[in-house]
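Per-entry structural report
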Amino acid sequence: MTTPPAAHRAAPGPSAPQPSTTARSRPDATATAGRLHGLDALRAVALGLGMLLHTLAPFLPGTRWFDPDPAFAPAAAVTVTVIHLFRMVLFMMLAGYFGRLVLTRRGAAAYAADRAKRLLLVLVVFAPIVLLSIIGVEEVARRLRGDPEPLPPLPSGIPFWLFQDPAHLWFLWVLVQIIAVVLLVRALVVARAGAERAGRWAERAGTALVLPVGGVALASLPYLGSLLLQGTARAGVHQPAGVAPELAPFVAYAGAFLVGWLLHARRDALARLVGSWPWHLGAAAVFTTVFVLLERTGPIGVTAPVAALAGWCWCYGLVGLFLRALAGGSARVRYLADSAYWVYIAHLPVTAVIQLVIAKTGWWPSVQLVAAWVVAVPLLLLSYDLLVRGTWLGAWLSGRRYEPVLARRSRVGRSR
């Protein structure tokens, strides 16, 4: 993601780099052939899997919204378990990779300012809106259930309570904390050892992380430590309960961010992952199967390392696979990658209302799930194209405005 400015316009999202006319070329072809389409797409997949988790939630045992189907609920629970093993670790790893990329191009101050704008400010603005919308959805659900008991009253006074629960945007707050710590530690290391020596240390660490034997195990150590800290491996790393920093998730996600950061320091790290993706995905399938079988009954001394290795084998394997499969890029994939940040921010109330309405049909759970996506995704993409992509909101979330597809097609149609 170096080369000319037009080639490295990044996908929107929490870790997307900004264009720079002063970027220096890196020797590795995998890392320099313009925009990293595979990583852009994989980041969008990580956000999309979050949407899938939320649409599966009503079908899990113990849900308050629906009556879980006894045949479908176990399948939904296993799917959620597997996704939780790697999704957020993968996202944080990509954030670390893109983070160091931006920092080496533009400097620490510009990187910090960009993340404050597109992470922290997004969280401050959208988290209260999302939380209020969830409360509204809960009221809709109560009425559809015919539940006569009203929801608990909202706290009185100035609504600072709105900022106490980031809802599904919690990962932005964790990422802000991680970036602040990483920038502070980096500044201390550079001041003590010098930029050149610190760069060599980072490159050596990146080399260790892609060793054929032991690299993925080294990457999984913070994940393992996090699971041991929280005392259980069930459901993977647990998200924080609120805005107060929590050690266990911070260790796992800061470790993942650091892995991505150090992989960027090694010139051929991505090329090595491309070459080994079948082995990593094969190992991921084996470790995941073992974890699913032992999740509820196995001792944490077994389930924690298995979960950590499964999660990181998924990360390494998916990075290699996506870089290989999408090396040339695709206009449609790029559009979906561009839209992913907005779609994730806006999806929760939309999908929840649609699912509540569809639930009244009595359709099979699998049909309800597919129907919810068939309705929700086009609506969310339409809102992105009309309200975000070419507006100030798109410039805020993505770093620049893109021409809406509908406007372009309309213009082409008129010119014929």
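Scroll up a little and you will see the structure.
The structure contained in this document is the topic of the report that follows. Fair warning: this is a prediction, and the values are worked out from it, not measured in the lab. (Residues numbered from 1 in each chain as written. Predicted model: local features only at pLDDT ≥ 70, side-chain atom pairs only at ≥ 80, totals over all residues. Heavy atoms only, no water.)

As enumerated under the stated definition, the model contains 3 cavities of 30 Å³ or more in all. The computed volume of the largest cavity comes to approximately 70 Å³. If you go around the largest cavity, the residues you meet are Trp-170, Trp-173, Val-174, Gln-177, Pro-240, Gly-242, Val-243, Ala-244, Pro-245, Glu-246, Pro-249 and Phe-250. Only α5 (170-193) and α9 (247-265) provide two or more residues apiece to the lining of the largest cavity. Per-element accounting of the lining of the largest cavity gives the leading share, 4 residues, to α5. (1 Å grid on protein atoms, 1.4 Å probe; cavity = no way out; pocket = protein on both sides within 12 Å on 5 of 7 lines; lining within 4 Å. Points joined across faces, edges and corners; volume = space filled by probe spheres on them. Helix = DSSP H or I, 4+ residues; strand = E, 2+ residues; numbered from the N terminus.)

Once that is clear, we can look at the environment of Ala-256. Note that Ala-256 resides in helix α9. Separated by 35 residues in the primary sequence, Ala-256 and Leu-221 have C-alpha atoms spaced 9.7 Å apart. Those residues within four positions of Ala-256 in sequence are excluded, and the remaining contacts are Val-89, Met-92, Met-93 and Trp-312. (Contact = heavy atoms within 4.5 Å.)

A separate point is the nonpolar core. Among the nonpolar cores identified, the biggest contains 114 residues, and Leu-90, Met-92, Phe-171, Tyr-253, Leu-263 and Trp-312 are the most heavily contacted of them. In terms of residue count, the dominant contributor to this core is helix α3 (residues 72-106) (20 residues). Excluding residues within four positions of it along the chain, Leu-263 makes contact with Met-93, Tyr-97, Gly-206, Leu-209, Val-210, Ala-269, Leu-273 and Tyr-316. (Core = buried A, V, L, I, M, F, W, Y, C linked by side-chain atoms within 4.5 Å. Buried < 20%, exposed > 50% of the residue type's maximum accessible area, 1.4 Å probe, protein only.)

Locating Leu-209 in the fold gives a position in helix α6 (residues 195-209). Here the alpha-carbon distance between Leu-209 and Arg-266, two residues 57 residues apart in the chain, equals 9.4 Å.

Glancing now at the pattern of salt bridges. According to the stated counting rule, one finds 7 salt bridges in the structure shown. Its salt-bridge partner being Glu-196, residue Arg-200 comes within 3.4 Å of it at the nearest N-O pair. Placement of both Arg-200 and Glu-196 in helix α6 is noted, with a separation of 4 residues, approximately one turn of the helix. Owing to a relative accessible area of 36%, Arg-200 belongs among the partly exposed residues under this scheme. For the salt bridge of Asp-338 with Arg-389, the shortest nitrogen-to-oxygen distance reads 3.4 Å. Of this pair, Asp-338 sits in helix α12 (residues 331-359) while Arg-389 sits in the loop between α13 (365-388) and α14 (392-398); the two residues are 51 residues apart in sequence, bridging distant segments of the chain. Residues joined in a network through salt bridges with shared partners are Asp-114, Arg-115 and Arg-118. (Salt bridge = Lys/Arg side-chain N within 4 Å of Asp/Glu carboxyl O.)

Once that is clear, we can look at the side chain of Gln-368. Among the structural elements, Gln-368 can be located in helix α13. A distance of 2.7 Å separates the side chain of Gln-368 from the backbone oxygen of Trp-363, its partner in a polar contact. (Polar contact = N/O pair within 3.5 Å; in protein donor to acceptor, adjacent residues only side chain to side chain.)

Assignment of secondary structure puts Glu-295 in the loop between α10 (269-294) and α11 (300-325). Taking relative accessible area as the criterion, Glu-295 reaches 13% and is therefore assigned buried. Those residues in contact with Glu-295, other than ones at most four positions away along the chain, are Thr-81, Arg-234, Ala-235 and Thr-303. In terms of polar contacts, Glu-295 uses its side chain to reach the backbone amide nitrogen of Ala-235, at 3.1 Å.

Here we come to helix α8 (residues 221-230). Three or more residues of α8 are buried, namely Tyr-223, Ser-226 and Leu-227. Buried residues of α8, seen end-on, are gathered within an arc of 95 degrees and therefore sit on one face of the element. As for α8, its buried residues are in contact with α3, α9 and α11. At the C-terminal side of α8, Gly-231 shows a positive phi close to 85 degrees. (Arc of directions from axis to C-beta.)

This next bit is on unusual backbone geometry. For Ala-167, which is not glycine, the phi dihedral falls at a positive 55 degrees. Structurally, Ala-167 can be placed in the loop between α4 (108-145) and α5. For Ala-235, which is not glycine, the phi dihedral falls at a positive 65 degrees. Within the secondary structure, Ala-235 sits in the loop between α8 and α9.

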